[in-house]
Amino acid sequence: MAFRSRREKLRSILSGGTCVHPGSVYDAISIRIAEDLGFPLGMFGGSVASLAVLGDPDITLITLTELAEQMRRMSRAATLPVLVDADHGYGNALNVRRTVQELEMAGAAGLTIEDTLLPAAFGETKTQLISLEEGVGKMKAALGGRSDPSLVIMGRTGAAAITSIEDAVRRAKAYEATGVDALFFTGIKSRAALEAIASDTRLPIVLGGAPDELNALDYLASQRVRIALQGHAPIAAATQAVYETQRALREGTAPKSLRGLASSELMARVMREGEARVRSADVLGLNK
């Protein structure tokens, strides 16, 4: 398959003995920059997907079709392996199966399926979890939905911050038993919590955000953490840069006086302008 090498790279990270930070990616430009800077993989989060595609907060308004199409655009633009936050799989277990199929075809290297109750239930202000039984069913459906065995499927739980560490361990062990490739945890706040999870599970661990005491890569690696997210600062930085530039223009600043713009060299590199010129010369008879 065309995307197998990307998936094998992700599997290599999970089977290795170190912990890495992924680059936060959300469109063709951000993934090319992350690839050029040498990030080993990209993380396409649900929050940045909602912001990049809809301009909306992370309240599960984006659809599977929109998520998969954005992933497809990134797959075309770069070869960096991407781990996709597939939220709750966009419905029940049957929808999860469809989600896996669509993201696999879109070129994702891996994806996470979580046990959060999404969208939020009527009248509930606190985040809730689906039952363990439904969570297990979703993991089984995800595994059954992939046709490329190299596609990485991760079972994700936020139980540590919603119910308890004990519940997080219980859910993680049940997801392990279904055959998922890794475990993704959010809401881990201390070394004691991480160590409890690591001691009672066996699969590679991915952490979705953590306090400062869980930032040392050597320590994380010793606890079987193979990927540690650093949030999604790039899209916030991009938003600030666009805002400042638009404001300056609106207030009358001349385009040539703007600061903080990418150089022509950087823009050419991000656009792969050199490659485009070669292709044009080859097929259109143009000068390189």
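Below or above, wherever it landed, is the structure these notes cover. Residue positions are given per chain, counting from 1 as you read along its sequence in written order. For a predicted model such as this one, the threshold for reporting local features is a pLDDT of at least 70, and the threshold for listing and counting side-chain atom pairs is 80 or more; totals across whole chains, interfaces and linings nevertheless cover every residue. Only heavy atoms go into the side-chain values, all of them from the structure, while hydrogens and water stay out.

### Comments concerning the sheet that holds strand 8 (residues 225–228)
A pair of strands is labelled paired if DSSP reports no fewer than 2 bridges between them. Runs of E in the DSSP output that reach at least two residues are strands. Runs of H or I that reach at least four are helices, and both are numbered from the N terminus. Taken in spatial order, the eight strands line up as 1-2-3-4-5-6-7-8 in an open sheet, and their pairing is parallel. If you trace the sheet from one side to the other, it starts and ends with strand 1 (23–24) and strand 8, each paired once. In the sheet, strand 5 (residues 152–157) pairs with strand 6 (residues 182–185) via four bridges, with the strands oriented parallel. Counterpart to Gly155 in the pairing with strand 6 is Leu183.

### Let's talk about the pattern of salt bridges
Definition used for salt bridges: Asp or Glu carboxyl oxygen within 4 Å of a side-chain nitrogen of Lys or Arg. Under the defined criterion, the tally for this structure stands at 15 salt bridges. The salt bridge involving Asp181 is made with Arg146; its shortest N-O contact spans 2.9 Å. Of this pair, Asp181 sits in the loop between helix 8 (165–178) and strand 6 while Arg146 is found in the loop between helix 6 (132–145) and strand 5, placing the two residues 35 residues apart along the sequence. Working definition: with a 1.4 Å probe on protein chains only, accessible area under 20% of the residue-type maximum means buried, over 50% means exposed, and in between means partly exposed. A relative accessible area of 15% means that Asp181 is categorised as buried. Overlapping salt bridges, with partners in common, bring together Asp115, Asp167, Arg170 and Arg171 in one network.

### What to know about the packing of helix 2 (residues 28–36) against helix 4 (residues 64–77)
Any two packed helices are characterised by how steeply their axes cross, that is the angle between the axes, and by the distance between the axes. Every axis corresponds to a line fitted to the C-alpha atoms, with the helix fit spanning only the stretch in contact, and the corresponding angles, defined between N-to-C directions, vary from 0 to 180 degrees. In the contact formed by helix 2 and helix 4, the axes pass within 8 Å of each other and the chain directions differ by 45°. Judged by the inter-axis angle, helix 2 sits oblique to helix 4. When you trace helix 2 past helix 4, the crossing you get is right-handed. Residues Ala28, Ile31 and Arg32 of helix 2 touch helix 4, and the partners they reach there are Met74, Arg76 and Ala77. Put simply, Ala, Val, Leu, Ile, Met, Phe, Trp, Tyr, Cys and Pro go in the nonpolar bin, Asp, Glu, Lys and Arg in the charged bin, and everything else, Gly too, in the polar bin. Broken down by class, the residue content of the contact of helix 2 with helix 4 amounts to four nonpolar, no polar and two charged. Under this scheme an angle from 65 to 115 degrees is roughly perpendicular, one under 35 degrees roughly parallel, and one over 145 degrees roughly antiparallel; angles in between are oblique. Helix crossings get a hand from a simple test, with the near helix turned counterclockwise from the far one by less than a right angle marking a left-handed crossing and a clockwise turn marking a right-handed one. By definition in these notes, contact holds between two residues if any of their heavy atoms fall within 4.5 Å.

### As for unusual backbone geometry
A cis amide bond links Leu118 to the next residue, Pro119, at an omega of -15°. Examined against the element boundaries, Pro119 turns out to sit in the loop between strand 4 (110–114) and helix 6. Its identity is not glycine, yet Thr60 carries a phi of approximately 60°, on the positive side. Within the fold, Thr60 resides in the loop between helix 3 (46–53) and helix 4. A positive phi angle, close to 50°, is found at Asp87, a residue other than glycine. Examined against the element boundaries, Asp87 turns out to sit in the loop between strand 3 (82–85) and helix 5 (93–105).

### Notes on the side chain of Arg226
Its location among the elements puts Arg226 in strand 8. In this tally, Asp and Glu contribute negative charge and Lys and Arg positive charge; neither His nor the terminal groups of the chain are included. We note that Arg226 is buried and unpaired, the nearest opposite charge coming from Asp218 at a distance of 9.7 Å. N or O atoms within 3.5 Å of each other form a polar contact, as long as, within protein, one can give a hydrogen and the other can take it, and as long as residues adjacent in sequence are counted only when both atoms are side-chain atoms. In terms of polar contacts, Arg226 uses its side chain to reach the backbone carbonyl oxygen of Ala221, at 3.1 Å. Leaving out residues up to four positions away in the same chain, Arg226 has contacts with Ile13, Leu14, Gly16, Gly17, Thr18, Cys19, Val20, Pro204, Ile205 and Ala221.

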